[in-house]
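Chain by chain, the residues run as shown.
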Amino acid sequence: MLIANIKLNNNIINEISELLIDNVFIINIYEDGICLTQNVNEISNLSIFVDKFIFDKFEISDENSFVTSNIEILKNIIIEKNNNIYKLNNKNCIINKSCNVCKNFKYCKFKILEDTNLNIDPKLHFIKNSKLSICNSNSFNGTVIKSIINNFILYINILLEDT
């Protein structure tokens, strides 16, 4: 059974590549797009949301996720499931249910930050001059900073440490 058939052009992949901060990331596939999530440090992560309308082809029958180190995979993702065995582009792969955190960020109420002079990890240098908004939520056990760069919504989830 075909689970996903997704294609993205090189120009968009190149734009996403400029926002990558790690060489391993989770791709969560949702009915309204994908979210690439990477660790920034031990208490925060960066999620890049790409709307399905940006893709050349975006057909899915089930929301799911997988881990990869190859951004080029976005050129052509075909996920199939036969007898509970998943294949990603004809190779056996571990496919999980998608994480709902990124999916639910869009329901948060964000407030525009007037003072954007934040002490942000240098890995995130590309948000330095962008407009930022913030949301504190018990649903995510922390703070989420949102930025829009090019065609993408960036979410930086900063988790609260247990004390």
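The paragraphs below set out a description of the structure included in this document. Computed from a predicted structure; not experimentally measured. (Residues numbered from 1 in each chain as written. Predicted model: local features only at pLDDT ≥ 70, side-chain atom pairs only at ≥ 80, totals over all residues. Heavy atoms only, no water.)

**Examining the pattern of salt bridges**
Okay, step 1: If you walk through the whole model with that rule in mind, you get two salt bridges.
Okay, step 2: Residue Lys97 is joined to Asp62 by a salt bridge in which the shortest nitrogen-to-oxygen separation is 3.2 Å. Within this pair, whereas Lys97 is found in strand β10 (residues 96-97), its partner Asp62 is found in the loop between β5 (57-60) and β6 (64-68), the two being separated by 35 residues in sequence.
Okay, step 3: The exposure class assigned to Lys97 is exposed, which follows from its relative accessible area of 61%.
Okay, step 4: Glu72 serves as the salt-bridge partner of Lys75, at 2.7 Å between the closest nitrogen and oxygen.
Okay, step 5: Classification of Glu72 by relative accessible area gives partly exposed; the value is 33%. (Salt bridge = Lys/Arg side-chain N within 4 Å of Asp/Glu carboxyl O. Helix = DSSP H or I, 4+ residues; strand = E, 2+ residues; numbered from the N terminus. Buried < 20%, exposed > 50% of the residue type's maximum accessible area, 1.4 Å probe, protein only.)

**Regarding the environment of Ser69**
Okay, step 1: With respect to the helices, strands and loops of the structure, Ser69 is situated in the loop between β6 and β7 (77-82).
Okay, step 2: With relative accessibility at 54%, the residue Ser69 sits in the exposed group.
Okay, step 3: Sequence spacing of Ser69 and Phe25 is 44 residues, and the spatial spacing of their C-alpha atoms is 6.2 Å.
Okay, step 4: Apart from the residues within four sequence positions on either side, Ser69 is in contact with Asn23, Val24 and Phe25. (Contact = heavy atoms within 4.5 Å.)

**Looking at the sheet that holds β7**
Backbone-to-backbone hydrogen bonds pair the strands of a sheet. The strands run either parallel or antiparallel.
Okay, step 1: Taken in spatial order, the five strands make up an open sheet running β5-β1-β7-β8-β9, and their pairing is antiparallel. One side of each edge strand has no neighbouring strand; the edge strands of this open sheet are β5 and β9 (91-92).
Okay, step 2: Relative to strand β8 (residues 85-88), β7 runs antiparallel, the two being bridged by four bridges. Within the sheet, the bridge partner assigned to Asn82 lies in β8 and is Ile85. (Pairing = 2+ DSSP bridges.)

**Some remarks on the sheet that holds strand β13 (residues 142-149)**
Okay, step 1: What the nine strands build is an open sheet, ordered β10-β6-β2-β3-β4-β14-β13-β12-β11; its pairing is antiparallel. Where the open sheet ends on each side, the last strands, each with one partner, are β10 and β11 (111-112).
Okay, step 2: Bridge count for strand β12 (residues 132-137) against β13 is six bridges, and the pairing is antiparallel. Bridged to Leu132 within β13 is Ser147.

**Looking at the side chain of Ser130**
Okay, step 1: On the secondary structure map, Ser130 appears in the loop between β11 and β12.
Okay, step 2: Within the structure, Ser130 has its side chain in polar contact with the side chain of Ser147 (distance 2.7 Å).
Okay, step 3: Residues contacting Ser130, with those up to four places away along its chain left out, are Ser147 and Ile149. (Polar contact = N/O pair within 3.5 Å; in protein donor to acceptor, adjacent residues only side chain to side chain.)

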